[in-house]
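Inside the fold
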Amino acid sequence: MFFAHSIAGLSRLAFALGFVLGGADLTRAVQLTAGNTVTLSVTADGTAPFSYQWLKNSVKISGATGSSFAISSAQLADAGDYSAIVSNSAGSITAPAETLTVISPTTVTNPGLTDTTPSTPAVTSTPTVVTSPPLTGTGTTIPSIYAQPLRETATIGHDAAFTAMVVGGSGQWQVSSDGSSWNNLIDGGQYSGVTTGTLLVNGVTPALNGFKFRFVSGGGTSNMVSLGVIEAFFPFPMSIAADGSGNLYVGDTSTDTIQKISATGAVTLLAGSPGQTGTADGSGANARFNDPSGVCAASDGSLGVCDNANGTLRLVTVNGTVTTLAGSTGLRGNTDGVGSAATFSSPTSVCRDAAGNFYLSDAVNNTIRKITAGGAVSTLAGSAGIAGTADGVGAGARFNHPTGMAVDGAGNIYVADTTNNTVREITSTGEVSTIAGLPGVSGSQDGAGSGAFFNNPSGVAADGDGNVYVADTGNSVIRKIAANGVVTTIAGLSGIAGLMDGVGNNAWFNQPKGIVLDSSGVLYVADTGNAAIRLVTLGGSVTTLDLSSGVSQVNNSDNVPAITQTVATSNTSAPGVAISGASSSGGGTMNSGIVIALLLACSLRAALLTRRRAGAERAKSASVLVKWNGWAPPLN
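Description of the structure in this document. (Residues numbered from 1 in each chain as written. Predicted model: local features only at pLDDT ≥ 70, side-chain atom pairs only at ≥ 80, totals over all residues. Heavy atoms only, no water.)

On a plain count of helices and strands, the protein comes out with one helix and 58 strands. Sorting the 636 residues of the protein into buried and exposed places 55% on the buried side. A separation of at least 24 residues holds for 54% of the contacts in the protein among residues at least 6 apart in sequence. Accessible surface for the protein amounts to roughly 23100 Å². Of this, 52% is attributable to carbon and sulfur atoms. (Helix = DSSP H or I, 4+ residues; strand = E, 2+ residues; numbered from the N terminus. Buried < 20%, exposed > 50% of the residue type's maximum accessible area, 1.4 Å probe, protein only. Contact = heavy atoms within 4.5 Å. Areas by Shrake-Rupley, 256 points an atom, 1.4 Å probe, with all protein chains shown as cover.)

Next comes the structure, spelled out in structure tokens:
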């Protein structure tokens, strides 16, 4: 898990938590059989020397003061929430707790076979250990709960879901504010599904932060799990940009503002006034926007903003002064010209090249427009009002509702051609080609060129090596198009909309629309449906930024332990903090039939939650948060 925290006077802080069981990376939580061994370890960057203190359930563990902590022959009493405090001369920071679950060994008797060895959990690519389904037959006891719920985090006003995999019958979800006194939940209002395997917490509030939940059935009681509630600084983040100093900029179309995220995770208002639409130029909160859907940043932090509903391209200086570079607030059209003499229909996304020229996707006109630093507007590619799929030069090319834009160091422009379900490339001379996707065909298949499918791609980012990264909105995944045109999915599980950190398809998004690659080679995603900002490494590790309100930049002079996400490969060892675990027991494998069943469970539960929420949310705040962590049981 990655948590970026802002603490007054300290530099950017981040935490990486996880367990490893049998060689599989299991972030967020782990379940293992009693008798096995798990070892937790932590490393930190900053000014040495460091000191360490391990915690269980927020209580210091006596003698656990090293960079690693081993639990030998784990017993049921060892289950709990583990964390660590890392300190140096400048201060200390405490990682958010993550859950270790210990289950009893099972004895299964079938005709002609007796097995009294501890069961080995089967490990899939999910962020938990998935146990095999209970066996049936002579002498077999079928437990009611065989896959535990996981800890959840949700932004204020969005939903959270807890799932306990249950065979047969029903049970009861309970809640506790302190983990000792429990009350049965009742359907209606805040909660639904209180007697089923999936509990939906509707529209979480700050008051629920830290509350514990568990599922009680005739066959036993599940582990208690916590709900974390974080502030939704961006109700509907549509676009995201990064400067050369580690700052991020978010265009939020719900609040009609441009907000800045500092390198410490502190959020400040740069321009616009929440809830106030308008066209006014001005400084900071005196300026007005109307649906700012696209934002790009220069290395110094100056911005270009597509003010969609105003039909203009705005400029924002580093101190928040807003001016209008091109377009007319009173007219819509496709006229080329200078400044307010030019018109746009629906300016949606924008990028800027090294020479200071802006390129804008005029979505309803189906064109790509070029705007010089002096405000001169011309049509680079496409023909106004004519949709199509054709490659070609200038007006000979066709687009169908182009949105996301990015430019590489060579001046090549990349466009998410949303309704065509393709990604296009435009040279500086206006020559358009399709680099990936099959026009008019939606899907999630990886492959080369037209052998790969997208589903309403909305955001693109480009690096210096010819690679393009895509926010594939309809699939709720992040894709990579290599320089040779081969498309792979680096994070997210296609068709599953949710909020979950993890690696690869263990991480979930909810209709992400904006994406940017920063100068350090890290992707940041505006996860629109989750009202969250996500960090994605190029290796596919996804974390949610835990943000705070800020007033000014925080300096880095104290050099406290800089705890950052670690991603290790066969030939790479990135610096930072990682709390990980290694178990002496080997993890199992899962056959294709089980994987298919698991994916089916995902789809069914996503559909269930979607039905429960149909019509209940405004379009700009809808978020379906789902979770699954086991075999596909019947939906109770």
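On to unusual backbone geometry. Unlike most non-glycine residues, S476 shows phi in positive territory, near 55°. Note that S476 resides in the loop between β49 (468-472) and β50 (477-481). In the Ramachandran plot, A531 falls in the positive-phi region, its phi being about 55° despite a non-glycine side chain.

It is worth spelling out the pairing of strand β34 (residues 303-307) at this point. Taking burial as the measure, the five residues of β34 include five buried ones, the bulk of the element. Burial along β34 is two-sided: L303, V305 and D307 facing one way and G304 and C306 facing the other are all buried. With five bridges connecting them, strand β33 (residues 292-297) and β34 associate as antiparallel partners. Counterpart to P292 in the pairing with β34 is D307. Following β33, the chain reverses through five residues before pairing antiparallel with β34; G301 in that reversal takes a positive phi of roughly 95°. Sheet analysis places β34 next to strand β35 (residues 312-316), joined by five bridges and oriented antiparallel. Directly across from V305, in β35, lies its bridge partner R314. Joining the antiparallel neighbours β34 and β35 is a turn of four residues, in which G311 adopts a positive phi near 70°. (Pairing = 2+ DSSP bridges.)

Counting residues in each nonpolar core, the largest one holds 18 residues, and the members touching the most others are Y191, L199, V201, F213 and L227. Listed by contribution, the elements that provide at least two residues to this core are β19 (160-163), β21 (171-176), β24 (198-201), β25 (212-217) and β27 (225-230). Contacts of Y191, omitting those with residues within four sequence positions, involve V175, L185, I186, L199, L200, V201, N202, L208 and F213. (Core = buried A, V, L, I, M, F, W, Y, C linked by side-chain atoms within 4.5 Å.)

Moving on, we come to the sheet that holds strand β52 (residues 502-503). Spatial ordering of the open sheet is given by β52-β56-β55-β54-β53, a layout of five strands whose pairing is antiparallel. Edge positions in the sheet fall to β52 and β53 (514-517), since each has one partner strand and no second. As judged from the two bridges shared by β52 and strand β56 (residues 541-544), these two strands associate in the antiparallel manner. Opposite G502, over in β56, you have V542 as the bridge partner.

With that settled, the discussion passes to the packing of aromatic side chains. According to the stated counting rule, one finds seven aromatic pairs in the structure shown. Ring geometry for F69 and Y82: centres 6.4 Å apart, planes at 35°, overall tilted. Placement of the pair is F69 in strand β9 (residues 68-71) and Y82 in strand β10 (residues 80-88), with a sequence separation of 13 residues. Taking the relative accessible area as the measure of exposure, F69 reaches 16% and is therefore buried. Taken together, the ring pairs in this structure connect F162, W173, Y191, F213 and F215 into an aromatic cluster. Across the ring face of F399, the terminal group of R424 is positioned such that the distance to the ring centre comes to 5.0 Å. The positively charged end of R534 is found above the aromatic ring belonging to F509, 4.9 Å away from the centroid. (Phe/Tyr/Trp six-rings, centres within 6.5 Å; stacked < 30°, edge-to-face > 60°. Lys NZ or Arg CZ within 6 Å of the ring centre and 35° of its normal.)

Of all the six residues making up strand β48 (residues 457-462), six are buried; the element is thus mostly covered by neighbouring parts of the structure. In this sheet, β49 lies alongside β48 in antiparallel orientation, the contact comprising five bridges. Residue pairing for β49: A462 is matched across the bridge by V468. If you look at the hairpin formed by β48 and β49, you'll find five residues sitting between the two strands, and G466 has a positive phi there, around 90°.

What follows covers the pattern of salt bridges. Tallied over the entire structure, the rule returns 10 salt bridges. Measuring nitrogen to oxygen at the nearest pair gives 2.9 Å for the salt bridge that ties D281 to R314. Separated by 33 residues along the polypeptide, D281 in the loop between β31 (266-271) and β32 (282-283) and R314 in strand β35 bring together distant segments of the chain. The exposure class of D281 is partly exposed, given its relative accessible area of 40%. Overall, the relative accessible area of 0% leaves R314 in the buried class. Between D307 and R314 there is a salt bridge, with its nearest N and O atoms 2.6 Å apart. By relative accessible area, D307 is classed as buried at 0%. By sharing partners, the salt bridges in this structure join D281, D307 and R314 into a single network. (Salt bridge = Lys/Arg side-chain N within 4 Å of Asp/Glu carboxyl O.)

Read from one edge to the other, the open sheet built from five strands follows the order β47-β51-β50-β49-β48, with strand pairing classed as antiparallel. In this open sheet, the two strands that pair with only one neighbour each are β47 (447-448) and β48. Here four bridges tie β50 to strand β51 (residues 486-491), and the two strands are oriented antiparallel to one another. Across the sheet, R479 pairs through a bridge with T489, a residue of β51.

The next thing to look at is the state of the cysteines. Applying the stated criterion to the full structure yields zero disulfides. Its sulfur unpaired, C296 is 6.8 Å from the next cysteine sulfur, which belongs to C351. Overall, C296 belongs to the buried group, its relative accessible area being 9%. You can see C306 has no disulfide; the closest cysteine sulfur is in C296, sitting 7.8 Å from it. (Disulfide = S-S within 2.5 Å.)

This part covers the side chain of T196. Topologically, T196 is positioned in the loop between β23 (191-192) and β24. Residue classification places T196 among the buried residues on the basis of a relative accessible area of 13%. One polar contact links the side chain of T196 to the main-chain carbonyl oxygen of G193, over a distance of 2.9 Å. (Polar contact = N/O pair within 3.5 Å; in protein donor to acceptor, adjacent residues only side chain to side chain.)

For the rest of this paragraph, the subject is the environment of R479. Inspection of the secondary structure puts R479 in strand β50. At 2.9 Å, the side chain of R479 forms a polar contact with the side chain of D446. There is a polar contact of 3.0 Å between the side chain of R479 and the side chain of T489.

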